Amino acid sequence: MEFDQEKYLTLLAEKYPTIQAVCREIINLNAILNLPKGTEHFMSDLHGEYEAFYHILNNCSGVVREKVDMLFEDKLSDAEREQICTLIYYPREKLELMKKEMINLPEWYREILTELIEIAKTLSSKYTRSKVRKAMPEEFAYIIDELLHVQKDEDDNQVIYHREILKTIIELDNADEFIVALANLIKRLAVDRLHIVGDIFDRGACADQILDLLMKYHSLDIEWGNHDILWMGAAAGSRACIANVVRNNLKYDNTEILENSYGISLRRLTLFAEQLYPGTDPMEAAVRAITVMLFKLEGEVIARHPEYEMEDRRLLHQIDWENHTITLEGKTYELREKEFPTIDRNDVYRLSDEEEKIMEELCMAFVNSSRLNAHIRFLYKKGSMYKSFNGNLLYHGCIPLDEEGNFEGICIDGRMYKGRAYLEYADKTSRRAYLSGRRQSDLDFMWYLWCGRKSPLCGRNIKTFERSYIADESVWKEASDPYYKFYQTEKTCNMILREFGLYSSFSHIINGHTPVRTGEGEMPVRANGKLIVIDGGFCRSYHKTTGIAGYTLIYNSHGIRIKAHQPFESVYTALQENKDIESESELVETEKERLMVKHTDNGKKILEDIEGLKKLLEAYRDGTIEQGNI
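Residues numbered from 1 in each chain as written. Predicted model: local features only at pLDDT ≥ 70, side-chain atom pairs only at ≥ 80, totals over all residues. Heavy atoms only, no water.

### Things to note about the sheet that holds strand S13 (residues 525-526)
Within the open sheet, the five strands sit side by side as S8-S9-S12-S14-S13. Their pairing is mixed. If you trace the sheet from one side to the other, it starts and ends with strand S8 (386-389) and S13, each paired once. Taken together, the four bridges between S8 and strand S9 (residues 392-395) define a ladder with antiparallel strand orientation. By the bridge assignment, Phe389 is partnered in S9 with Asn392. (Pairing = 2+ DSSP bridges. Helix = DSSP H or I, 4+ residues; strand = E, 2+ residues; numbered from the N terminus.)

### Digging into the packing of helix H5 (residues 78-89) against helix H7 (residues 105-124)
Taken N-terminus to C-terminus, the directions of H5 and H7 make an angle of 75 degrees; their axes are 12 Å apart at the nearest point. In this view, H5 runs roughly perpendicular relative to H7, as classed from their interaxial angle. Contacts between H5 and H7 involve Ile84, Leu87 and Ile88 from the first element and Trp108, Ile112, Glu115, Leu116 and Ile119 from the second. In the contact of H5 with H7, the residues fall into seven nonpolar, no polar and one charged. (Axes fitted to C-alpha atoms, helices over the stretch in contact; angles between N-to-C directions. Parallel < 35°, antiparallel > 145°, perpendicular 65-115°, else oblique. Contact = heavy atoms within 4.5 Å. Nonpolar A, V, L, I, M, F, W, Y, C, P; charged D, E, K, R; others polar.)

### Some details on empty space enclosed by the protein
Taken as a whole and judged by the stated rule, the model has two cavities of 30 Å³ or more. Computed from the structure, the largest cavity encloses a volume of approximately 210 Å³. When residues of the lining of the largest cavity are traced back to their parent elements, those giving at least two are helix H17 (282-304), helix H21 (440-451) and helix H22 (464-469). Residue contributions to the lining of the largest cavity peak at four residues, all from H17. Residue classes in the lining of the largest cavity are distributed as 11 nonpolar, four polar and four charged. (1 Å grid on protein atoms, 1.4 Å probe; cavity = no way out; pocket = protein on both sides within 12 Å on 5 of 7 lines; lining within 4 Å. Points joined across faces, edges and corners; volume = space filled by probe spheres on them.)

### Section: the packing of aromatic side chains
Taken as a whole and judged by the stated rule, the model has 24 aromatic pairs. Ring plane angle 50 degrees and centroid distance 5.4 Å describe the contact between Trp108 and Tyr109, whose orientation is recorded as tilted. A residue is classified by how much of its surface remains accessible, and Tyr109, at 7% relative accessible area, is buried. In this structure, Arg314 is placed above the aromatic ring of Tyr349, and the distance from its NZ or CZ to the ring centre is 4.2 Å. The lysine or arginine in question, Arg438, covers the ring of Tyr434, its NZ or CZ lying 5.1 Å from the ring centre. (Phe/Tyr/Trp six-rings, centres within 6.5 Å; stacked < 30°, edge-to-face > 60°. Buried < 20%, exposed > 50% of the residue type's maximum accessible area, 1.4 Å probe, protein only. Lys NZ or Arg CZ within 6 Å of the ring centre and 35° of its normal.)

Structural measurements only, silent on function.
Below, the structure written as structure tokens:
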């Protein structure tokens, strides 16, 4: 389709009807281009650990503490600065504690308000006044705007004006609400964009609370992880995904999120399991029951899709029921599980009548849970398989490769999907599975994305059957995609970046999914700085493996810094002791010149807008288009 410049300029003229209106907007946009780039905050693998996530979200991976130290290191003690930080992180809760300790409360209010205004003023300096005003709570916007822009004059009139505003706020007993407003503004200005590089769900108990927080966040994107896609598939009605979700939450003792948060009852399953396995702990019995159902359902999916090349993962029919053994790759293993009361040996993958009823009930519950579907719709709205943003490529798992390091993928309906085309096919199919039609083949593909051998979200050969039923741990090893060998090399990372249209030497891959085993000497920065693994390590069960509580990433106008975090104790400890997460900052890349908005994706769009406005200005001046409202 040819670009119709005349039509474009006519439409633009409706918004900017005069030469002066056009000039004003060009001046405004040029000014924005020369502001510092906003701070981006990258987090990954939250895994339902709400308190640790909430704290790092509040402290902006240490950005708030850095600004407080920069401003007040020579004026306030360590304890006083720590107290200010905690107040910013948790303003309402900390206020209640601090007010009990203050002898001269009005004086303390005056001091803390002055300090918070100074912090907000510093953080607001990289934004337009208009953008800062929009970030302010409406009820205090005018007052905060005035306070942020107080200037000293020869008679100190402005300073007196500033002091009188604060005095009135305190006298009206409105200081608490004003402190809360300032604290929220500071956190809002500290981070311009949040990136969640996958895996909000599972392991920890509070993924729903994390999503509630994210739904209120001012600017973010989400790159789906394998655990996210599993829940998305379950909400779409994939029975194999539903069985996996239920099993995961039973296994990690997280049934509250299903039953209390999302209203998905497990009563029928647990009663059925108690009858099948009398004398067994009810939760353990439920895991045993759902595990058998899971392998039946997965077996059906694999049988429907030979293109998945996962026939070797259909193992129920290979069990020797008399001897309770199974032969894998020529070697026979004894099964830990001896009882399979729901298996029909003539049709091992068929659900029993009661299992069928349980799955029907669970499917109805997942598909119709209003709270769950509100969260899933949010994941579709803000999420995708990958994102290219400001020169960086973000994805959760991997870009599947073959043993030679070339792009690998999957053949669907006679077409091979690899590299970028594969991720875009996966994105399109995932959306179609939930948003239109819920075709069985699309639902099955959601399951494949969760655990398929060449899934870009999984990246390994899952062995749930072996881990569930075979004691010999030598068969538990889950071979990883060759990606995880080749991504250590700069050549491979550059190949991937080019595949996604990123050719700059300053581009990076931001990758989640795999915990960095810091205790074993692993480092998060790989391939000579081209790839950064930021598995957040929020999951408590991984802390012994990783040695720390994982990594987050900060990308501001000065460069990229990776932040290594120690485990978070609790919000209670943070409030009582002003105890922050201990973090170490490591520079990944420092920019020679400070990055401005003109260097960002938004800057490119603004430059295009300026070019259009200049053409409109020319059209007004040569009479091609007539000015309006003059």
